[in-house]
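If you want the building blocks of each chain, they are given just below.
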Amino acid sequence: MKKEVKAIIALVLAVWILLMGIEIGAMREKKKIASANSTVAASQAPQTTEPTTSQPVQQDVIQVQPSTQSSVPAVNPSTPDSAATPGSDTSVDVSALSKEQILAKVSEAVNKVKNEQNMTAHKTEYITVNLTRLSAESVRSTVNGIISNLVGEPTDEIIKVANGTATYPDGKTKPVKEAIPPSNDATKDFALTVDGVASATATKQGENTVYTVILVPESTTAASPIPAHNSVAIGYLNLMGLDLPSGVSITDSKMEYPGSTVEVTVNPAGQVIKLVNKMPMTGFGAAKIAFVSGDADFEGNLDETWEFTY
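Computed from a predicted model, the values in this text were never measured in an experiment.

Draft legend 1. Broad picture of the overall build of the protein. Each helix and strand in the protein was counted, giving five helices and eleven strands. Within the protein, counting contacts between residues at least 6 apart in sequence, those at least 24 apart form 74% of the total. Carbon and sulfur atoms form 51% of the exposed surface of the protein, whose accessible area is close to 13400 Å².

Draft legend 2. Representation of the packing of aromatic side chains in the model. In total, this model carries one aromatic pair according to the counting rule given. Where W306 meets F308, the ring centres are 6.1 Å apart and the plane angle is 10°; that geometry is what we call stacked.

Draft legend 3. Layout of the side chain of E218. Take E218: it is sitting in strand β7 (residues 218-221). Although E218 is buried, it makes no salt bridge; K99 carries the closest opposite charge, 14 Å away. At 3.0 Å, the side chain of E218 and the backbone nitrogen of H229 are in polar contact. Within polar-contact distance, the side chain of E218 engages the backbone nitrogen of N230 at 2.8 Å. Setting aside anything within four residues of it in sequence, one finds E218 in contact with P227, A228, H229, N230, M255, E256 and Y257.

Draft legend 4. View of the nonpolar core. V264, L275 and F308 are the most contacted members of the largest nonpolar core, which totals 55 residues. Other than its neighbours up to four places away in sequence, F308 contacts V113, M119, T120, A121, I180, V272, I273, K274 and L275.

Draft legend 5. Spatial organisation of the confidence of the model for the protein. Across the protein, pLDDT averages 76, with 68% of residues at or above 70. Within the model, the stretch residues 1-7 combines pLDDT values under 50 with 53 contacts to residues more than four positions away or in other chains. In the model, residues 16-34 has pLDDT below 50 throughout and makes 38 contacts with residues more than four positions away in sequence or in other chains.

Draft legend 6. Structural detail: the pairing of strand β11 (residues 292-309). With 14 bridges joining them, strand β1 (residues 119-134) and β11 adopt antiparallel strand pairing. Among the inter-strand pairings, T120 is bridged to a residue of β11, identified as T309. In the sheet, strand β10 (residues 272-289) pairs with β11 via 16 bridges, with the strands oriented antiparallel. When the bridges of β11 are listed, N277 appears paired with E304.

Draft legend 7. View of the pattern of salt bridges. Tallying each qualifying case throughout the model produces seven salt bridges. One salt bridge in this structure joins D303 and K278, with 2.9 Å as the shortest N-O distance. Of the two residues, D303 sits in strand β11 while K278 sits in strand β10, which places them 25 residues apart along the sequence. Salt bridges sharing partners connect three or more residues here, namely R133, D295 and D297.

Draft legend 8. Structural detail: helix α3 (residues 99-113). Its 15 residues give α3 an end-to-end C-alpha distance of 21 Å, which sits within 8% of 21 Å, the value for a rise of 1.5 Å per residue. Burial of α3 is extensive: eleven of the 15 residues sit out of reach of the surface. Buried within α3 we find Q101, I102, L103, A104, K105, V106, S107, A109, V110, N111 and V113.

Draft legend 9. View of the pairing of β1. Inspection of the sheet shows β1 paired to strand β2 (residues 155-162) by seven bridges, in the antiparallel sense. Following the sheet pairing, K123 is matched in β2 by E157.

Draft legend 10. Structural view of the environment of K177. Relative to the helices and strands, K177 is located in helix α5 (residues 176-179). On the basis of relative accessibility, which here comes to 18%, the residue K177 falls in the buried class. The spatial distance from the C-alpha of K177 to the C-alpha of T165 is 8.6 Å, given a sequence separation of twelve residues. Side-chain polar atoms of K177 contact the side chain of D189, separated by 2.9 Å.

Scoring rules and cut-offs
- Residues numbered from 1 in each chain as written.
- Predicted model: local features only at pLDDT ≥ 70, side-chain atom pairs only at ≥ 80, totals over all residues.
- Heavy atoms only, no water.
- Helix = DSSP H or I, 4+ residues; strand = E, 2+ residues; numbered from the N terminus.
- Contact = heavy atoms within 4.5 Å.
- Areas by Shrake-Rupley, 256 points an atom, 1.4 Å probe, with all protein chains shown as cover.
- Phe/Tyr/Trp six-rings, centres within 6.5 Å; stacked < 30°, edge-to-face > 60°.
- Buried < 20%, exposed > 50% of the residue type's maximum accessible area, 1.4 Å probe, protein only.
- Lys, Arg positive; Asp, Glu negative; His and termini not counted.
- Salt bridge = Lys/Arg side-chain N within 4 Å of Asp/Glu carboxyl O.
- Polar contact = N/O pair within 3.5 Å; in protein donor to acceptor, adjacent residues only side chain to side chain.
- Core = buried A, V, L, I, M, F, W, Y, C linked by side-chain atoms within 4.5 Å.
- pLDDT = per-residue confidence, 0-100.
- Pairing = 2+ DSSP bridges.
- Expected span 1.5 Å × (residues − 1).

Below is the structure:
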(Lines give C-alpha, C1' and ligand atoms only; values in the text may rest on other atoms or scores of the structure.)
Protein backbone atom coordinates (compact mmCIF):
# COMPACT_ATOMS: atom_id res chain seq x y z
CA MET A 1 0.00 0.00 0.00
CA LYS A 2 2.68 2.38 -1.00
CA LYS A 3 0.45 5.02 -2.54
CA GLU A 4 -2.39 4.20 -0.20
CA VAL A 5 -4.54 7.14 0.49
CA LYS A 6 -2.41 10.19 -0.04
CA ALA A 7 -4.93 12.04 2.11
CA ILE A 8 -2.61 12.97 4.93
CA ILE A 9 0.30 14.26 2.92
CA ALA A 10 -2.08 16.04 0.63
CA LEU A 11 -3.48 17.83 3.66
CA VAL A 12 -0.02 18.62 5.01
CA LEU A 13 1.04 19.99 1.65
CA ALA A 14 -2.11 22.05 1.39
CA VAL A 15 -1.28 23.75 4.69
CA TRP A 16 2.33 24.11 3.72
CA ILE A 17 1.61 25.62 0.32
CA LEU A 18 -1.23 27.93 1.32
CA LEU A 19 0.44 29.32 4.44
CA MET A 20 4.12 29.35 3.62
CA GLY A 21 4.37 29.31 -0.17
CA ILE A 22 7.17 26.77 0.10
CA GLU A 23 8.23 24.83 -2.96
CA ILE A 24 8.32 21.09 -2.25
CA GLY A 25 11.46 20.14 -4.12
CA ALA A 26 11.57 16.52 -2.98
CA MET A 27 8.13 15.69 -4.32
CA ARG A 28 7.71 14.12 -7.74
CA GLU A 29 4.77 16.49 -8.16
CA LYS A 30 7.04 19.53 -7.72
CA LYS A 31 5.93 21.28 -10.89
CA LYS A 32 2.24 20.75 -10.15
CA ILE A 33 2.65 22.03 -6.60
CA ALA A 34 4.62 25.11 -7.69
CA SER A 35 1.86 25.98 -10.17
CA ALA A 36 -0.85 25.47 -7.55
CA ASN A 37 1.14 27.59 -5.08
CA SER A 38 1.03 30.68 -7.31
CA THR A 39 -2.72 30.23 -7.85
CA VAL A 40 -3.43 29.98 -4.13
CA ALA A 41 -1.17 32.93 -3.28
CA ALA A 42 -3.19 35.11 -5.62
CA SER A 43 -6.47 34.00 -4.06
CA GLN A 44 -5.25 34.90 -0.56
CA ALA A 45 -3.74 38.32 -1.28
CA PRO A 46 -6.80 40.43 -0.22
CA GLN A 47 -7.01 39.00 3.32
CA THR A 48 -6.32 41.76 5.87
CA THR A 49 -8.84 41.35 8.70
CA GLU A 50 -7.49 38.24 10.34
CA PRO A 51 -4.58 35.82 10.05
CA THR A 52 -4.69 33.20 7.38
CA THR A 53 -6.14 29.98 8.74
CA SER A 54 -4.05 26.89 8.25
CA GLN A 55 -5.07 24.21 5.85
CA PRO A 56 -5.61 20.53 6.08
CA VAL A 57 -2.85 18.13 6.31
CA GLN A 58 -2.61 15.99 3.28
CA GLN A 59 -0.77 12.83 2.86
CA ASP A 60 1.20 11.45 0.00
CA VAL A 61 1.74 8.00 1.20
CA ILE A 62 -0.22 5.86 3.51
CA GLN A 63 1.82 4.06 6.04
CA VAL A 64 0.63 0.54 6.29
CA GLN A 65 1.86 -1.21 9.34
CA PRO A 66 0.58 -4.43 10.80
CA SER A 67 -0.98 -3.95 14.21
CA THR A 68 0.53 -5.28 17.37
CA GLN A 69 -2.47 -4.35 19.50
CA SER A 70 -4.89 -7.15 18.83
CA SER A 71 -4.78 -9.64 21.68
CA VAL A 72 -7.24 -12.09 20.16
CA PRO A 73 -5.46 -15.09 18.66
CA ALA A 74 -5.75 -15.48 14.90
CA VAL A 75 -8.05 -18.13 13.50
CA ASN A 76 -6.27 -21.39 12.94
CA PRO A 77 -6.50 -22.29 9.23
CA SER A 78 -6.98 -25.93 10.27
CA THR A 79 -10.37 -25.19 11.79
CA PRO A 80 -12.53 -28.32 11.77
CA ASP A 81 -14.81 -28.70 8.74
CA SER A 82 -12.55 -26.56 6.56
CA ALA A 83 -11.11 -28.11 3.42
CA ALA A 84 -7.38 -28.74 3.57
CA THR A 85 -6.85 -26.49 0.56
CA PRO A 86 -9.04 -23.41 0.02
CA GLY A 87 -11.48 -23.96 -2.85
CA SER A 88 -10.22 -27.45 -3.63
CA ASP A 89 -13.09 -29.54 -2.24
CA THR A 90 -15.86 -29.35 -4.84
CA SER A 91 -18.11 -31.61 -2.74
CA VAL A 92 -18.51 -28.96 -0.03
CA ASP A 93 -21.40 -26.50 -0.21
CA VAL A 94 -19.37 -23.34 0.35
CA SER A 95 -22.48 -21.25 0.95
CA ALA A 96 -23.02 -23.23 4.16
CA LEU A 97 -19.58 -22.44 5.61
CA SER A 98 -19.55 -20.60 8.93
CA LYS A 99 -17.84 -17.25 9.51
CA GLU A 100 -15.02 -19.04 11.32
CA GLN A 101 -14.51 -21.51 8.46
CA ILE A 102 -14.50 -18.76 5.83
CA LEU A 103 -12.01 -16.67 7.77
CA ALA A 104 -9.78 -19.72 8.20
CA LYS A 105 -9.80 -20.28 4.44
CA VAL A 106 -9.12 -16.62 3.69
CA SER A 107 -6.23 -16.53 6.18
CA GLU A 108 -4.74 -19.68 4.71
CA ALA A 109 -5.12 -18.47 1.12
CA VAL A 110 -3.70 -14.97 1.63
CA ASN A 111 -0.76 -16.19 3.69
CA LYS A 112 -0.05 -18.81 1.05
CA VAL A 113 0.24 -16.19 -1.71
CA LYS A 114 2.35 -13.99 0.59
CA ASN A 115 4.85 -16.85 0.70
CA GLU A 116 4.84 -17.80 -3.00
CA GLN A 117 8.36 -17.96 -4.38
CA ASN A 118 7.67 -17.55 -8.10
CA MET A 119 4.70 -15.83 -9.74
CA THR A 120 3.55 -12.64 -11.46
CA ALA A 121 1.27 -10.10 -9.78
CA HIS A 122 -0.76 -7.50 -11.66
CA LYS A 123 -1.68 -4.70 -9.26
CA THR A 124 -4.14 -1.91 -9.92
CA GLU A 125 -4.87 0.71 -7.28
CA TYR A 126 -7.34 3.58 -7.28
CA ILE A 127 -7.46 6.24 -4.59
CA THR A 128 -9.94 9.05 -4.02
CA VAL A 129 -9.58 11.89 -1.52
CA ASN A 130 -11.92 14.82 -0.92
CA LEU A 131 -11.88 17.57 1.70
CA THR A 132 -15.35 17.94 3.18
CA ARG A 133 -14.38 20.81 5.49
CA LEU A 134 -11.41 23.13 5.67
CA SER A 135 -10.55 25.73 8.29
CA ALA A 136 -9.87 28.14 5.41
CA GLU A 137 -13.16 27.30 3.73
CA SER A 138 -12.83 29.91 0.98
CA VAL A 139 -10.00 27.97 -0.65
CA ARG A 140 -11.32 24.45 -0.14
CA SER A 141 -12.11 23.94 -3.83
CA THR A 142 -8.60 25.12 -4.74
CA VAL A 143 -7.05 22.72 -2.26
CA ASN A 144 -9.20 19.84 -3.54
CA GLY A 145 -7.78 20.59 -6.98
CA ILE A 146 -4.24 20.36 -5.58
CA ILE A 147 -5.14 17.09 -3.88
CA SER A 148 -6.52 15.67 -7.12
CA ASN A 149 -3.19 16.40 -8.84
CA LEU A 150 -1.20 14.88 -5.98
CA VAL A 151 -3.24 11.70 -5.86
CA GLY A 152 -2.80 11.33 -9.58
CA GLU A 153 -3.85 8.53 -11.89
CA PRO A 154 -4.62 4.97 -10.78
CA THR A 155 -1.62 2.68 -10.32
CA ASP A 156 -1.28 -0.16 -12.81
CA GLU A 157 1.86 -2.26 -12.54
CA ILE A 158 3.25 -5.74 -13.09
CA ILE A 159 5.32 -7.16 -10.23
CA LYS A 160 7.57 -10.13 -10.91
CA VAL A 161 8.28 -12.54 -8.05
CA ALA A 162 11.31 -14.83 -8.28
CA ASN A 163 12.82 -16.80 -5.40
CA GLY A 164 10.58 -14.95 -2.95
CA THR A 165 11.64 -11.46 -4.07
CA ALA A 166 9.19 -9.04 -5.67
CA THR A 167 10.64 -6.76 -8.37
CA TYR A 168 8.71 -3.62 -9.35
CA PRO A 169 8.70 -1.90 -12.76
CA ASP A 170 11.12 0.76 -11.45
CA GLY A 171 13.61 -1.95 -10.46
CA LYS A 172 13.04 -1.72 -6.71
CA THR A 173 12.69 -4.99 -4.80
CA LYS A 174 11.27 -6.25 -1.53
CA PRO A 175 10.31 -9.62 -0.03
CA VAL A 176 7.04 -10.85 -1.51
CA LYS A 177 5.62 -11.20 2.00
CA GLU A 178 6.10 -7.48 2.45
CA ALA A 179 4.78 -6.57 -0.99
CA ILE A 180 1.34 -8.14 -0.61
CA PRO A 181 -1.00 -6.65 2.00
CA PRO A 182 -1.05 -6.46 4.86
CA SER A 183 2.32 -4.95 3.98
CA ASN A 184 5.33 -3.01 5.27
CA ASP A 185 6.58 -5.80 7.50
CA ALA A 186 8.05 -8.93 5.99
CA THR A 187 7.44 -10.87 9.21
CA LYS A 188 3.68 -10.32 9.42
CA ASP A 189 0.92 -12.58 8.10
CA PHE A 190 -2.71 -11.88 7.38
CA ALA A 191 -4.02 -12.26 10.92
CA LEU A 192 -7.63 -11.04 10.98
CA THR A 193 -9.63 -12.55 13.84
CA VAL A 194 -13.32 -13.45 14.05
CA ASP A 195 -14.09 -10.52 16.32
CA GLY A 196 -12.95 -8.20 13.53
CA VAL A 197 -15.41 -9.63 11.00
CA ALA A 198 -18.90 -8.18 10.53
CA SER A 199 -19.88 -10.69 7.84
CA ALA A 200 -18.32 -13.44 5.72
CA THR A 201 -19.68 -15.20 2.63
CA ALA A 202 -18.46 -17.80 0.14
CA THR A 203 -19.79 -18.41 -3.37
CA LYS A 204 -18.80 -20.51 -6.36
CA GLN A 205 -17.68 -18.76 -9.53
CA GLY A 206 -17.31 -21.53 -12.05
CA GLU A 207 -14.68 -23.87 -10.64
CA ASN A 208 -13.27 -21.14 -8.39
CA THR A 209 -14.45 -20.02 -4.95
CA VAL A 210 -14.87 -16.39 -3.95
CA TYR A 211 -14.60 -15.55 -0.24
CA THR A 212 -15.79 -12.09 0.87
CA VAL A 213 -15.08 -10.74 4.35
CA ILE A 214 -16.37 -7.37 5.62
CA LEU A 215 -14.59 -5.92 8.63
CA VAL A 216 -16.26 -4.31 11.62
CA PRO A 217 -16.15 -0.48 11.85
CA GLU A 218 -13.08 0.90 13.58
CA SER A 219 -11.98 4.29 14.93
CA THR A 220 -8.54 5.63 15.79
CA THR A 221 -7.16 8.69 17.58
CA ALA A 222 -3.83 10.49 17.73
CA ALA A 223 -3.01 8.58 20.92
CA SER A 224 -4.09 5.23 19.46
CA PRO A 225 -3.59 5.38 15.66
CA ILE A 226 -3.57 1.66 14.81
CA PRO A 227 -6.90 -0.03 13.93
CA ALA A 228 -6.53 -3.56 15.28
CA HIS A 229 -8.40 -5.33 12.48
CA ASN A 230 -7.71 -3.23 9.36
CA SER A 231 -3.99 -3.24 10.14
CA VAL A 232 -3.71 -7.04 9.95
CA ALA A 233 -6.01 -7.41 6.94
CA ILE A 234 -5.24 -4.47 4.63
CA GLY A 235 -3.48 -1.52 6.27
CA TYR A 236 -4.27 1.88 7.75
CA LEU A 237 -3.56 5.60 7.59
CA ASN A 238 -1.37 7.09 10.32
CA LEU A 239 -1.08 10.88 10.36
CA MET A 240 0.90 10.91 13.57
CA GLY A 241 3.63 8.68 12.13
CA LEU A 242 4.63 11.00 9.28
CA ASP A 243 8.23 12.12 8.95
CA LEU A 244 7.59 15.81 8.24
CA PRO A 245 9.90 18.74 7.49
CA SER A 246 11.20 20.83 10.38
CA GLY A 247 8.57 23.27 11.62
CA VAL A 248 5.63 21.22 10.39
CA SER A 249 3.76 19.01 12.81
CA ILE A 250 0.51 17.06 13.03
CA THR A 251 -1.22 18.11 16.23
CA ASP A 252 -4.27 15.87 16.12
CA SER A 253 -5.91 13.17 14.03
CA LYS A 254 -8.94 10.93 14.05
CA MET A 255 -9.86 8.22 11.57
CA GLU A 256 -13.03 6.22 10.93
CA TYR A 257 -13.03 2.96 8.98
CA PRO A 258 -16.75 2.17 8.43
CA GLY A 259 -16.24 -1.34 7.05
CA SER A 260 -13.39 -2.49 4.81
CA THR A 261 -13.76 -5.45 2.45
CA VAL A 262 -11.37 -8.27 1.60
CA GLU A 263 -12.37 -10.48 -1.35
CA VAL A 264 -10.27 -13.52 -2.25
CA THR A 265 -10.76 -15.75 -5.31
CA VAL A 266 -9.18 -19.19 -5.00
CA ASN A 267 -8.78 -21.75 -7.80
CA PRO A 268 -9.24 -25.53 -7.41
CA ALA A 269 -5.50 -25.91 -6.76
CA GLY A 270 -5.83 -23.72 -3.67
CA GLN A 271 -4.02 -20.75 -5.22
CA VAL A 272 -5.20 -17.17 -4.91
CA ILE A 273 -5.83 -15.81 -8.39
CA LYS A 274 -7.40 -12.53 -7.30
CA LEU A 275 -7.30 -10.37 -4.16
CA VAL A 276 -9.44 -7.24 -3.85
CA ASN A 277 -9.17 -4.80 -0.94
CA LYS A 278 -11.57 -1.90 -0.45
CA MET A 279 -10.98 0.51 2.44
CA PRO A 280 -13.31 3.50 2.76
CA MET A 281 -12.45 6.03 5.44
CA THR A 282 -13.20 9.46 6.84
CA GLY A 283 -10.85 11.49 8.92
CA PHE A 284 -9.86 14.67 10.71
CA GLY A 285 -6.38 16.15 10.70
CA ALA A 286 -4.87 19.23 12.33
CA ALA A 287 -1.46 20.67 11.48
CA LYS A 288 0.75 23.46 12.76
CA ILE A 289 3.42 25.41 10.93
CA ALA A 290 5.36 27.80 13.14
CA PHE A 291 2.64 29.73 14.98
CA VAL A 292 -0.11 29.07 12.44
CA SER A 293 -2.44 26.09 12.68
CA GLY A 294 -5.30 24.66 10.68
CA ASP A 295 -7.46 21.58 10.35
CA ALA A 296 -9.70 19.73 7.94
CA ASP A 297 -12.13 16.86 7.57
CA PHE A 298 -11.73 14.54 4.61
CA GLU A 299 -13.11 11.37 3.08
CA GLY A 300 -11.25 8.86 0.99
CA ASN A 301 -11.20 5.38 -0.40
CA LEU A 302 -8.58 2.81 -1.30
CA ASP A 303 -9.55 0.26 -3.96
CA GLU A 304 -6.80 -2.18 -4.94
CA THR A 305 -6.88 -5.36 -6.99
CA TRP A 306 -4.18 -8.01 -7.27
CA GLU A 307 -4.29 -10.70 -9.98
CA PHE A 308 -1.83 -13.58 -9.71
CA THR A 309 -0.50 -15.99 -12.32
CA TYR A 310 1.76 -18.93 -11.52
